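Geometric and topological summary
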Amino acid sequence: MNSKPEVTIIVAPRERFSYTRESLESIYEHTQVPFKLIYVDGGSPAHIKNYLENQATEKQFQVIRTEHYLSPNHARNLGLRQVDTKYVVFIDNDVVVTPGWLKAAVDCAEETDAVVVSPLVCQYLPLHEEVHCAGGESGIKVEKSDNTTRRRMIEKIFKQGRKVADVLPNSQRQETGLAEFHCMLVRRSIFDRIGLLDEGLLNTKEHVDLCILVAEAGGKIYLEPDSLVTYVPGPPLEWSDVGYYMLRWSDGWEMASLKRLREKWNLTEDQYFKNKYKRLGWRRKMTIIDPITQKLGFGNRFLSKVAGKVLGKADRMLNNYITSSYARKHLSQDSNQTPPNQPPKSAITASSQS
């Protein structure tokens, strides 16, 4: 076997830090082909930082750490700049892989000349039982009528919510139109053509943006169901997760991302975007506000309603403060000021450990 790695795995923070150990251990337990690993650690708490440093020494991988939080694409780009292998895998820090996952993805790329390969991505616990994404569609749809041109974004995920046991027996390797950053393998050379990942997309639709760029460059995207992984979303149960979670899913970051998406692709501000505006903060409401509201209401609907309104207002004020404070400290030369597909101007210096 050729022992020289052809793949670099970049692990980047998704929304919390508390699943770091489970995710990283699964990669080393279930990956048989040689690989390099770069772990991007954006401001994790001390116990996670220490764990990663110890693991990096033991397993000989690189840690790129900043002492503050990072948007996902910013984190991925920090790792991507270090990649010198034929392929790069982007994987979130809350993903658990299965035996043979990487070999199946690489084999798919080699045999089909795919630029992007998506595994069959599952969701939730128990592991590997419910489908999150089995490929999909992405693109820009141009509609013309009455001398009016409308440009709409296409995003469709296939088979979400279905049982793996029902989907997998009938699944086969096939060309598709969508992969997600939960986990995807990408041919590194494509970034010489399309540039780095767009850091102006702070927290949403980064995967759609990449898939559209790859398709426009003539690249193929494949689904490889023999590669199976699961992402494990979870509320920020540990206090050390809350700060990053609130910034990651902040109203400000989502609005900036949607604006960037519209401007970059000249999209019509249609009902899709209006619905997004109305639902700002829904993740924080679902995972933080609603559980607290239920406890404070003691089962009383009126008390719960009052508590929900008060907490909702406090959440918006706190969220605005967190976002504004972060922007003042870290985004003065921000990636969202970066031209499309150009390297960011960030002056942040990352520390590394090999």
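Refer to the structure printed above.
The structure displayed is predicted, hence computed values, not measured ones.

Attention shifts here to the side chain of Ser 44. By secondary structure assignment, the location of Ser 44 is in the loop between strand E2 (36–42) and helix H2 (46–59). Among the polar contacts listed, one links the side chain of Ser 44 to the backbone nitrogen of Lys 49, at a separation of 3.4 Å. The contacts of Ser 44, once residues within four sequence positions are left out, are Phe 17, Lys 49 and Arg 65.

Moving on, we come to unusual backbone geometry. Of the consecutive residues Leu 125 and Pro 126, the connecting peptide bond is found in the cis state with omega at -5 degrees. Mapped onto the secondary structure, Pro 126 falls in the loop between strand E6 (116–123) and strand E7 (131–133). Phi at Tyr 124 takes a positive value of approximately 75 degrees, unusual for a residue other than glycine. Note that Tyr 124 resides in the loop between E6 and E7. Accessibility expressed as a relative area gives 39% for Tyr 124, which makes it partly exposed.

Counting buried residues in strand E3 (residues 62–66) gives five out of five residues, a clear majority hidden from the surface. Residues Gln 62, Ile 64 and Thr 66 point to one face of E3 and Val 63 and Arg 65 to the other, with burial holding for every one of them. In this structure, E2 lies alongside E3, joined through five bridges in parallel fashion. Across the sheet, the residue bridging to Asp 41 is Arg 65, located in E3. The handedness of the E2 to E3 crossover, carried by H2, is right-handed.

To continue, consider the packing of helix H9 (residues 251–265) against helix H12 (residues 301–330). Any two packed helices are characterised by the angle at which their axes cross and by the distance between the axes. Look at H9 against H12: their axes get within 8 Å of each other, and the N-to-C directions meet at 65 degrees. Between H9 and H12, the contacting residues are Asp 251, Gly 252 and Trp 253 on the first element and Arg 316, Asn 319, Thr 323 and Tyr 326 on the second. Of the residues assigned to the contact of H9 with H12, the class counts are two nonpolar, three polar and two charged.

Right, let's get into helix H4 (residues 101–112). Between its terminal C-alpha atoms H4 stretches 17 Å, which fits the 16 Å expected from twelve residues at 1.5 Å a residue. Among the residues of H4, those classed as buried are Trp 101, Leu 102, Ala 104, Ala 105, Val 106, Cys 108, Ala 109 and Thr 112. Positive phi shows up at Asp 113, right after H4, with a value of about 65 degrees.

Another point: the nonpolar core. Generally speaking, soluble globular proteins have nonpolar side chains that are buried together. If you look at the biggest cluster of nonpolar residues, it comprises 39 residues, and the most contacted ones within it are Phe 90 and Phe 191. Taken together, the elements giving at least two residues each to this core come down to strand E1 (7–12), E2, helix H3 (72–80), strand E4 (87–92), strand E11 (183–187), helix H6 (191–194), helix H7 (206–216) and H9. Ranked by the residues each element gives to this core, the list is headed by H7, at six residues. Once you skip the residues sitting within four places of it in the chain, Phe 90 turns out to touch Ile 10, Arg 76, Leu 80, Phe 181, His 182, Cys 183, Met 184, Val 186, Phe 191 and Leu 197. Among the nonpolar cores identified, the runner-up in size contains 37 residues, and Ile 9, Ile 27, Leu 52 and Val 63 belong to it.

Another point: the layout of surface pockets. The computed volume of the largest pocket comes to approximately 910 Å³. Lining the largest pocket are 34 residues, with Arg 14, Tyr 231, Trp 249, Trp 282 and Arg 283 sitting closest to its centre. For the lining of the largest pocket, the elements supplying multiple residues, two or more each, are strand E9 (148–157), H7, helix H8 (239–248), helix H10 (271–278) and helix H11 (282–297). With four residues, H11 is the single largest residue contributor to the lining of the largest pocket. Of the residues belonging to the lining of the largest pocket, the class tally is eleven nonpolar, ten polar and 13 charged. There is about 330 Å³ of room inside the second largest pocket.

Right, let's get into H3. Because the α-helix completes a turn every 3.6 residues, residues three or four places apart line up on one side. In terms of burial, H3 is largely enclosed, as nine of its nine residues are buried. The complete set of buried residues in H3 reads Pro 72, Asn 73, His 74, Ala 75, Arg 76, Asn 77, Leu 78, Gly 79 and Leu 80.

Right, let's talk about the pattern of salt bridges for a bit. The tally for this structure, following the rule as stated, stands at 25 salt bridges. A salt bridge links Glu 143 to Arg 152; the shortest N-O distance between them is 2.8 Å. For Glu 143, a relative accessible area of 26% corresponds to the partly exposed category. Of the charged contacts, one joins Asp 315 and Arg 284 as a salt bridge, the two residues approaching to 2.9 Å between their closest N and O atoms. One end of the pair, Asp 315, is in helix H12; the other, Arg 284, is in helix H11, with 31 residues separating them in the sequence.

Next up on the list: a nonpolar patch on the surface. On the surface, Phe 298, Phe 302, Leu 303, Val 306 and Val 310 cluster together into a nonpolar patch covering about 550 Å² of accessible area. Within the secondary structure layout, Leu 303 lies in helix H12.

The rules we used
All chains use their own residue numbering, which begins from 1 and follows the written sequence. Per-residue local features of the predicted model are confined to residues with pLDDT of at least 70, and side-chain atom pairs are confined, for both listing and counting, to 80 or more; whole-chain, interface and lining totals are unaffected and use all residues. The basis for every side-chain value is the complete set of non-hydrogen atoms in the structure, without hydrogens or water. Working definition: helices are DSSP H or I runs of at least four residues, strands are E runs of at least two. Numbering for both runs from the N terminus. Polar contacts here mean pairs of N or O atoms no more than 3.5 Å apart (in protein, one a potential hydrogen donor and the other a potential acceptor; neighbouring residues in sequence count only if both atoms are side-chain atoms). Residue contacts are counted whenever heavy atoms from the two residues lie within 4.5 Å of one another. Each residue is assigned to one of three classes by its accessible area relative to the maximum for its type, calculated with a 1.4 Å probe on protein chains only: buried under 20%, partly exposed between the two thresholds, exposed over 50%. Strand pairing is defined by DSSP finding a minimum of two bridges between the two strands. If the strands point away from the viewer and the path from the first strand over the helix to the second runs clockwise, then the crossover is right-handed. For every element, the axis is a line fit to its C-alpha atoms; helices are fit only across the contacting stretch, and the angle between N-to-C directions ranges from 0 to 180 degrees. The residue classification treats Ala, Val, Leu, Ile, Met, Phe, Trp, Tyr, Cys and Pro as nonpolar and Asp, Glu, Lys and Arg as charged. All others, Gly included, are polar. The span you would expect from a helix comes to 1.5 Å times its residue count less one. Here, nonpolar core refers to any group of buried Ala, Val, Leu, Ile, Met, Phe, Trp, Tyr and Cys residues whose side-chain atoms link them within 4.5 Å. A cavity here means a set of points on a 1 Å grid, drawn over the protein atoms and nothing else, where a 1.4 Å probe fits but cannot get out; a pocket is an open set with protein on both sides within 12 Å along at least five of seven lines, and a residue lines either one if it has an atom within 4 Å of a point. Grid points are joined across faces, edges and corners, and a volume is the space filled by probe spheres set on the points. Salt bridge, as used here: a side-chain nitrogen of Lys or Arg that lies within 4 Å of a carboxyl oxygen of Asp or Glu. Residues with no salt bridge and a relative accessible area higher than 30% make up the patches, which join like charges within 9 Å and nonpolar side chains (Val, Leu, Ile, Met, Phe, Trp, Tyr) within 5 Å. Accessibility throughout is a Shrake-Rupley quantity obtained with a 1.4 Å probe, and a residue counts as covered only by protein chains that appear here.

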